[in-house]
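In case you want the letters, here they are:
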Amino acid sequence: MKDRSTMGPIEYIAESVFWGLISMIWYKNILFRCLPNLTYETSRYVLWSMLLASIVVCSGYFFRKKRTGWSVLVSLLFPYGLYTIGAYWKTLQNRIIIVLVISTVISFLLGILVMTRRINRRKSLKRVIVKRIQRWACTTGTIFSIAMAVIVVPLLLQGAFGMTLFKSSVEANIGIGTEEQTISNNIDMVLKLQAEEWCSLSTNEKLNVLQCVANIEAHYLGISNELNVGASNLPEYTLACYSDASHTIYLNLEHLENDPVDEVLNSCCHEAYHSYQHRLVDAYNEASEDVQKLRVYKNTVHYVDEFGAYVDGYEDFCSYYSQQCEKDARTYAEDAVEDYYSRIDEYLNGDSEQKDGMVIGSYLKQYSVEVSPEGEFLLDPDGNNIAGPYRKVYADDLKWCWDETCRYEDANGMLGYLAPDGKELTSALFVEASEMSDGKARVREKSGGVYYINSSFERISDDYLDGFEYEHQGLFARVQLEDKTWGIIDRHGDLVLEGADSIQPLPLVTVYGSAIIGGKACLLELDLDTAEQIKIVKEFDEFCEISEVYYGLFATVINSEGMIGVVDCTGDVVIPAQYKSIDYEVIFHEESVWVGDDIVFHCYEENGLEKIIEKKW
């Protein structure tokens, strides 16, 4: 064989080693993701093994007479191409199949052309056939090297130039001026957020659904820019992020493909709210000093500072988690997810549904709203116009037969309450007013703070800087005091806990809650035996964050290093804080006494390894 080498032996080895290291750095930073069902360390070991094996094999074949730049390139394309096929098979299945089928057909046809050429000298038949097989094998290697490049290079270029690896084919629309971008107008796409539908979608189809969600969120929030949705290989434990420079929501590819749909939807809505927060900051910076004092900018002041010196979870998890912009985005996303699924249920079930043999529809009032140029009118269940016109009527407040009031908004944007017969129970006194629930509502007037009223519209509490609606079946509410700490008031409006940095949502029926007091995680007990009191069950010196208490049994806790553990309702540490993330699932079987008495925890270490721990309560 004629020597076609363009490099000396030492130069060829040096080039292979140099470009092998450089290419590994590029691939690791841009395209690397774990192989299905393999840990991070194992996947990395597989990739390095494939690269080294390819360099050794190709060097053995090309070293004598084909030491060229193309030979070096082939030795690199094959391992990265094969690894990409394995890692991205679910995402790029169609593209991979098409490329490999075309490459195989071309290789086969060229093989036929090479092997069927006439052989003039029969004496050298064996030698000629061997040479032709070698030539066909070399050509096949070239064809499949090009195939690997077709698979890898487009992804590499997209990642290298800061673009998403995968982008939705649905057009991103500007939030304002797109009235068709609502849940009801896109219900066919929104229905795909059901778990059984979601599992059958390809990666691109999932992105199309989330782009539709982003368009709906942009319209609902009144965002003046489009929201693009894409997927990339984000840093480990980062589910999603938002770039205001490109107005893009980036979802972690692993999160998009493998996590439950409600969690992915939560991430999308969370990042959409960050875009809204950026627009609030823009408006705040352009406003005069007098306008900046408006209540609408209360949290925007924090956003300005936090976006200027943003703390991510890798620097300081506790500081990241407690930023106002993150707290508000989490709250919004949770409400948004609940809204999407309630709207899906309404569409699928109408106004009534059968559950466990009980007909829910008989408890519905079915009040409605009629919209006209003059405003909105409240219609009773028989369709009679009983109140209006108003700027807005909250007819959903009268959904159930036991509801006795609904809110209305007058032409000035002030809120008041209506009776079921349409009579105004209060004038439009309030700039904020919640739905009357469990006989209580949270309100705020033009001057003064937040306070609470009962179903007779009598004040039952002092003024507070802020507060949540009553929880625990109307027995307790979380309020923010003048010194900006948090406390809890009982159903009479009396303060029963104060001085907390933050307080997690209170339980619906169980008696255990949680809070941060003095920078320390605390377990609370809502004591109802003798009086409505809040007791501190346990104060944890080693933990700075704590979740709500799930099923009245356990809570996840976070230490100053961002590691997560689990404590039970008595204050015992049942899983040490040595994991990067912890998920749980409820196991229910015939022997179960109640839902939650058997919990399986999926604990993920920093290296990606999973440890499964079962706890029976």
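As a reminder, the structure under discussion sits directly above these lines.
Here goes a summary of the coordinates provided. (Residues numbered from 1 in each chain as written. Predicted model: local features only at pLDDT ≥ 70, side-chain atom pairs only at ≥ 80, totals over all residues. Heavy atoms only, no water.)

Here we take up the overall build of the chain. Assigned secondary structure in the chain consists of 14 helices and 30 strands. With the principal axes as the frame, the chain shows a C-alpha extent of 110 × 60 × 60 Å. Looking at the chain residue by residue over its 617 residues, the buried ones come to 47%. Total accessible area on the chain stands at roughly 32,300 Å², and carbon and sulfur atoms take up 54% of it. When the 53 positive and 92 negative side-chain charges of the chain are each reduced to one mean point, those points stand 21 Å apart. (Helix = DSSP H or I, 4+ residues; strand = E, 2+ residues; numbered from the N terminus. Buried < 20%, exposed > 50% of the residue type's maximum accessible area, 1.4 Å probe, protein only. Areas by Shrake-Rupley, 256 points an atom, 1.4 Å probe, with all protein chains shown as cover. Lys, Arg positive; Asp, Glu negative; His and termini not counted. Charge placed at Lys NZ, Arg CZ, Asp CG, Glu CD.)

The tally for this structure, following the rule as stated, stands at 12 salt bridges. The partner of arginine 391 in a salt bridge is glutamate 409, and the shortest N-O contact between them spans 3.4 Å. Highlighted residues: arginine 391 in the loop between β9 (385-390) and β10 (392-393) and glutamate 409 in strand β11 (residues 406-409), separated in sequence by 18 residues. Residue glutamate 409 is classed as buried on the basis of its relative accessible area of 14%. For arginine 442, the salt bridge goes to aspartate 466, with nearest N and O atoms at 2.8 Å. Separated by 24 residues along the polypeptide, arginine 442 in strand β14 (residues 440-445) and aspartate 466 in strand β16 (residues 466-467) bring together distant segments of the chain. Note on aspartate 466: relative accessible area 15%, which makes it buried. Taken together, the shared-partner salt bridges connect Lys298, Glu432, Arg442, Arg444 and Asp466 into one network. (Salt bridge = Lys/Arg side-chain N within 4 Å of Asp/Glu carboxyl O.)

Before going further, it helps to examine the sheet that holds strand β23 (residues 533-540). Taken in spatial order, the 4 strands line up as β20-β21-β22-β23 in an open sheet, and their pairing is antiparallel. If you trace the sheet from one side to the other, it starts and ends with β20 (502-503) and β23, each paired once. (Pairing = 2+ DSSP bridges.)

Right, let's get into empty space enclosed by the protein. Space left empty within the atom packing is revealed by a probe, the size of a water molecule, rolled over the atoms. By the definition in use, this model includes 1 cavity of 30 Å³ or more. Here the largest cavity is characterised by a volume of approximately 30 Å³. Considered class by class, the residues forming the lining of the largest cavity number 2 nonpolar, 2 polar and 3 charged. (1 Å grid on protein atoms, 1.4 Å probe; cavity = no way out; pocket = protein on both sides within 12 Å on 5 of 7 lines; lining within 4 Å. Points joined across faces, edges and corners; volume = space filled by probe spheres on them. Nonpolar A, V, L, I, M, F, W, Y, C, P; charged D, E, K, R; others polar.)

Let's shift gears to the side chain of asparagine 186. Assignment of secondary structure puts asparagine 186 in the loop between β1 (166-167) and α6 (187-190). Of the residues examined, asparagine 186 reaches a relative accessible area of 17% and is grouped as buried.

Next up on the list: the packing of aromatic side chains. Inspection of every chain in the model, using the stated rule, returns 18 aromatic pairs. Measuring from centroid to centroid gives 5.1 Å for phenylalanine 554 and tyrosine 584, while their planes differ by 85°, and the two rings are edge-to-face. Of this pair, phenylalanine 554 sits in strand β25 (residues 554-558) while tyrosine 584 sits in strand β28 (residues 581-586), placing them 30 residues apart in sequence. Given a relative accessible area of 0%, phenylalanine 554 falls into the buried group. For tyrosine 584, a relative accessible area of 32% translates into the label partly exposed. Plain terms: the ring middles of phenylalanine 554 and phenylalanine 601 are 5.1 Å apart, the flat faces sit at 80° to each other, and that makes the pair edge-to-face. On the criterion of sequence distance, the pair formed by phenylalanine 554 in strand β25 and phenylalanine 601 in strand β29 (residues 598-604) is long-range, its members being 47 residues apart. There is no split in this pair, since phenylalanine 554 and phenylalanine 601 are both buried. One aromatic cluster is present, formed by Tyr550, Tyr551, Phe554, Tyr584 and Phe601 through successive ring pairs. The ring of tyrosine 470 has lysine 440 sitting right over it, with the charged end atom 5.2 Å from the ring centre. Positioned over the ring face of tyrosine 451 is arginine 459, at 3.7 Å from the centre of the ring. (Phe/Tyr/Trp six-rings, centres within 6.5 Å; stacked < 30°, edge-to-face > 60°. Lys NZ or Arg CZ within 6 Å of the ring centre and 35° of its normal.)

As a further point, take the pairing of strand β22 (residues 520-527). Extensive coverage of β22 is indicated by the burial of 6 of its 8 residues. Note that strand β21 (residues 512-517) and β22 share 6 bridges and pair antiparallel. Across the sheet, residue isoleucine 517 finds its bridge partner in β22, namely lysine 520. Note: β22 against β23, 7 bridges, orientation antiparallel.

A cis geometry characterises the amide bond from glycine 388 onward to proline 389, with omega recorded as 5°. Note that proline 389 resides in strand β9. Positive phi is not limited to glycine here, since phenylalanine 457 has a value of about 65°. Even without being a glycine, histidine 472 presents a positive backbone phi close to 55°. Along the chain, histidine 472 turns up in the loop between β16 and β17 (476-480).

What follows deals with the packing of helix α10 (residues 261-286) against helix α14 (residues 324-349). Viewed as axis vectors pointing N to C, α10 and α14 meet at an angle of 130°, and their least axial separation amounts to 8 Å. Between α10 and α14, the angle falls in the class oblique. Like other packed secondary-structure pairs, α10 and α14 cross with a definite hand, here right-handed. Residues Val261, Asp262, Leu265, Asn266, Cys269, His270, Tyr273, His274 and Gln277 of α10 form the contact with α14, whose participating residues are Cys325, Glu326, Asp328, Ala329, Arg330, Tyr332, Ala333, Glu334, Ala336, Val337, Tyr340 and Tyr341. Residues of the contact of α10 with α14, tallied by class, amount to 12 nonpolar, 4 polar and 5 charged. (Axes fitted to C-alpha atoms, helices over the stretch in contact; angles between N-to-C directions. Parallel < 35°, antiparallel > 145°, perpendicular 65-115°, else oblique. Left-handed = near helix turned anticlockwise from the far one by under 90°. Contact = heavy atoms within 4.5 Å.)

Everything listed is a geometric property; what it means functionally is a separate question.
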